[in-house]
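Descriptive analysis of the structure
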Amino acid sequence: MIAKLRVKFVLINMAIVIGLLLVIFGLVYHFQQDALERQTDMALQDLASSITPQGAPNKIIRQQFLTLYIDANGDVTSAGTTHYDFSKASFVRKLIKEVYDTGKLTGILEDYGFKYKVIIEKDCQKMAFVDITGTKIALSALVQNLLVTGGIALAAFCLVSIGLAFWAVRPI
């Protein structure tokens, strides 16, 4: 009888702790993901609005990026980048084709790991690409850290609950 009471006590405590940890860790993940997406969107907006025919924008962006200025004839007249090689025009053409194939002004190119934004003006198109692999890696690392932290917290709370169960239901 007392053993069953101890087990119920531990199970109820662990259910409460698991519920709390899931809510807290879910909120941490959600807010971190939202912050990273907002940072990427702001970087894209800054990049896309500052592209000129003369070259790359003069902005400090903490993510790897790529910008293209496409004139009315469809020629790429300037390109700016942090870490990408433009010696192969086929890479640039593939990116432009992928963007056109989506039919959207903003989106994600999963195959390339880019989030993009297109600004269409009367005599040109401006395309900005931001590398989102760093964001994905950061979120993956966050999940791993939350799982390890959650596992340690659950083990600690389980031991405390077992100790409290023995103390709370001991015969007087």
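If you're wondering where the values come from, they're calculated on a predicted model, not measured in any experiment. (Residues numbered from 1 in each chain as written. Predicted model: local features only at pLDDT ≥ 70, side-chain atom pairs only at ≥ 80, totals over all residues. Heavy atoms only, no water.)

1. Brief notes about the pairing of strand 3 (residues 106-109)
The side chains of a regular strand alternate between the sheet's two faces. Spelled out, the test is: To sort residues, take the accessible area from a 1.4 Å probe on protein chains only and compare it with the maximum for the residue type: under 20% means buried, over 50% means exposed, and anything in between is partly exposed. For helices the rule is a DSSP run of H or I covering at least 4 residues; for strands it is a run of E covering at least 2, with both sets numbered from the N terminus onward. Whether two strands pair comes down to DSSP finding at least two bridges between them.
Side-chain alternation along strand 3 places Gly107 and Leu109 on a buried face and Thr106 and Ile108 on a face that remains uncovered. The sheet contact formed by strand 3 and strand 4 (residues 114-120) spans four bridges and is antiparallel. Directly across from Ile108, in strand 4, lies its bridge partner Lys115.

2. Some remarks on the packing of aromatic side chains
Note the following rule: Pairs were defined over the aromatic rings of Phe, Tyr and Trp, the Trp ring being its six-membered one, requiring ring centres within 6.5 Å. Orientation was assigned from the angle between planes: stacked under 30 degrees, edge-to-face over 60, tilted for the rest.
Evaluation of the coordinates by the stated rule reveals two aromatic pairs. Both rings, one in Phe114 and one in Phe129, keep their centres 5.7 Å apart while their planes meet at 55°; by these two values the pair is tilted. With a gap of 15 residues between them, Phe114 in strand 4 and Phe129 in strand 5 (residues 124-131) connect regions that are remote in the sequence. As far as the burial class goes, Phe114 and Phe129 line up, both buried. Centroid distance Tyr116 to Phe129: 6.4 Å. Interplanar angle 45°. Geometry classified as tilted. Pair noted here: Tyr116 is in strand 4 and Phe129 is in strand 5, with a separation of 13 residues, a long-range link. The exposure class of Phe129 is buried, given its relative accessible area of 0%. Cluster of aromatic residues (ring-pair linked, three or more members): Phe114, Tyr116 and Phe129.

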